[in-house]
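What the coordinates show
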2 protein chains.
Amino acid sequence: MELGQLNEFKATPEINEQLMAFGTAKSFKEGDVIVNENAYTNAIPIVTNGSIRVMRSDEDGREILLYYINKGESCIMSFLGGMHQDTSKVKAVAEEATEILFIPIEKVLYLIKEYPQWLEYIFRLYHKRFEELLEVINAVAFKKMDERILNFIQKKCEMAQSKTISITHETLSLELGTARVVVSRLLKQMEDEGLVKLGRNKITLIQTTIVK
Amino acid sequence: MELGQLNEFKATPEINEQLMAFGTAKSFKEGDVIVNENAYTNAIPIVTNGSIRVMRSDEDGREILLYYINKGESCIMSFLGGMHQDTSKVKAVAEEATEILFIPIEKVLYLIKEYPQWLEYIFRLYHKRFEELLEVINAVAFKKMDERILNFIQKKCEMAQSKTISITHETLSLELGTARVVVSRLLKQMEDEGLVKLGRNKITLIQTTIVK
DNA sequence: GATTCTATGTAACCAAAGTTACACAAAGAA
DNA sequence: TTCTTTGTGTAACTTTGGTTACATAGAATC
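To start, this report covers the structure provided alongside it.

Definitions and cut-offs
- Residues numbered from 1 in each chain as written.
- Chains lettered and ligands numbered in written order.
- Predicted model: local features only at pLDDT ≥ 70, side-chain atom pairs only at ≥ 80, totals over all residues.
- Heavy atoms only, no water.
- Pairing = 2+ DSSP bridges.
- Helix = DSSP H or I, 4+ residues; strand = E, 2+ residues; numbered from the N terminus.
- Contact = heavy atoms within 4.5 Å.
- Buried area = accessible area lost by both parts, 1.4 Å probe.
- Polar contact = N/O pair within 3.5 Å; in protein donor to acceptor, adjacent residues only side chain to side chain.
- Nonpolar A, V, L, I, M, F, W, Y, C, P; charged D, E, K, R; others polar.
- Axes fitted to C-alpha atoms, helices over the stretch in contact; angles between N-to-C directions.
- Salt bridge = Lys/Arg side-chain N within 4 Å of Asp/Glu carboxyl O.

1. Section: the sheet that holds strand E8 (residues 164-165) of chain B
All names here are of chain B. With antiparallel pairing, three strands are arranged side by side in an open sheet as E8-E10-E9. Here the strands that pair on one side only, and so sit at the sheet edges, are E8 and strand E9 (196-199). Bridge count between E8 and strand E10 (residues 202-205): two bridges; the pairing is antiparallel. Pairing of Thr-164 across the sheet is with Thr-204, part of E10.

Right, here's the structure in full:
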């Protein structure tokens, strides 16, 4: 288990050491639901390995992807949700096999007091999440479906460091909060335009630059 | 100038006193743009009087309302944006005559260290903003325009403590990120259904319960 | 009161995306 | 192999909301 990536947020080895001492580690399999309604009242979770997909779910069961929590990052929402005891309406699912370190809130507050860098780390995360939520709002409010699909694929490709991703139209539609037929229709259209190449359970990016 | 409402967030009179001492007050008229791109690099703004409207603006000039910052609250976004020096793409405009107290970041960090309640206050605000952004995402992603319009009117009525609000269809459409005609059309429809009563520059809520 | 803004009402049309329904093809299981 | 499940392609249709264009009505100014 490594916390190296925390260094990106200027956490010192000393802090990491304390986190490891204070925290309780827990493992999740791909697809495991980590937060559904309001869990983890007294701890802040840090992803030490793997990644988590965070979604907003509507009353009628529809969902939309908000952001991913990657290695070295924390799930701010469930922290805040827990802290103020209301139903968070955010759902977090393990994207892959994932290790999470749960730090009790008192310890977090102690760390904040002792190490300003730790507070800095938290603020940076907040900032990142805010920006990501704003991106989602922007996409949903102003972008058309084809552009959103393309963006999603590009993001996935970046994450996977590859031009090809394995995903079904069904899954894609769920993440974007639309219907499978819509995705299939637009993807086919994009294939005709030479933007992507389609296969069963497979999408290959051909042109990275978005043609407007 | 009063900071009473801060008490809602458990800030003690002692903290308030210090804030007043540390901060620089500034006044804004209705419609004044407070943040456009990335301003206020070294201060956290607290609304001591009036209220601010925060919007996300698209590249093509379209906008959508995110939330209001009321008396006693702080503009978290511009704080974070300033802290990490990137263009925040959030626009803040004074809804009415507004007084803002700018607290230098060092002082904020000092207060956090000295008074845990202050950190609690900030976390509460973050939480609130997150929830509000999630509400926007939910609305834009899953709700139909008529429902969004009704929600907007209800929120406004609550704020104004009245069943009638003064707003033009034009303004309403801009806040919701749609076109005026669409708003007029749907409002008329809602009037026919007996949900609202329309006048020039005036909308009156008739039925508070949403009929589905 | 006449003129000029500003706000609203409405119609006709179009594009995007949601819906339903079904065919077919690839992959896996029996 | 055959059967079944899973994933994709496509057509036809509907709904929602964006667009354009214009009429009219209330307010404000002259």
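What follows continues from the structure just given.
2. Notes on the interface of chain B and chain A
Contact residues are listed per partner, giving 41 residues for chain B and 41 residues for chain A. Interface area, chain B with chain A, both sides summed: about 3900 Å², of which 71% is carbon and sulfur. Looking at the side of chain B facing chain A, the largest losses of area belong to Phe-123, Phe-130 and Phe-142 of chain B, adding up to 20% of the total buried there. Our enumeration of links across chain B and chain A arrives at five residue pairs in polar contact (both at pLDDT 80 or more). For the side of chain B that touches chain A, the secondary-structure elements that each account for two or more residues are strand E5 (63-69), helix H2 (76-83), helix H3 (105-114) and helix H4 (116-142) of chain B. Here the side of chain B that touches chain A takes 19 residues from H4 of chain B, the largest share from any one element. Of the residues contributing to the side of chain B that touches chain A, the split by class is 23 nonpolar, five polar and 13 charged.

3. Re the sheet that holds strand E6 (residues 90-94) of chain B
Residue and element names in this part refer to chain B. The strand order E2-E6-E4-E5 describes an open sheet built from four strands, whose pairing is antiparallel. Sheet topology places strand E2 (33-35) and E5 at the edges, where each strand pairs with a single neighbour. This sheet shows a mean twist of 35° between the axes of neighbouring strands, independent of strand direction. Two strands pair when backbone bridges link them, and strand E4 (residues 52-57) and E6 are joined in this way by five bridges, in the antiparallel orientation. Counterpart to Arg-53 in the pairing with E6 is Val-93. Lying on the sheet, helix H6 (residues 169-176) is in contact with E4 and E5; it crosses E5 at an angle near 90°.

4. Overview of the pattern of salt bridges
Tallied over the entire structure, the rule returns 27 salt bridges over all chains. One salt bridge in this structure joins Glu-63 of chain B and Lys-91 of chain B, with 2.9 Å as the shortest N-O distance. On the criterion of sequence distance, the pair formed by Glu-63 of chain B in strand E5 and Lys-91 of chain B in strand E6 is long-range, its members being 28 residues apart. What emerges from the salt-bridge pattern is a single network uniting Arg-53, Glu-95, Lys-156 and Glu-175 of chain A.

So, to be careful, I would describe these as geometric facts and stop short of saying anything about function.
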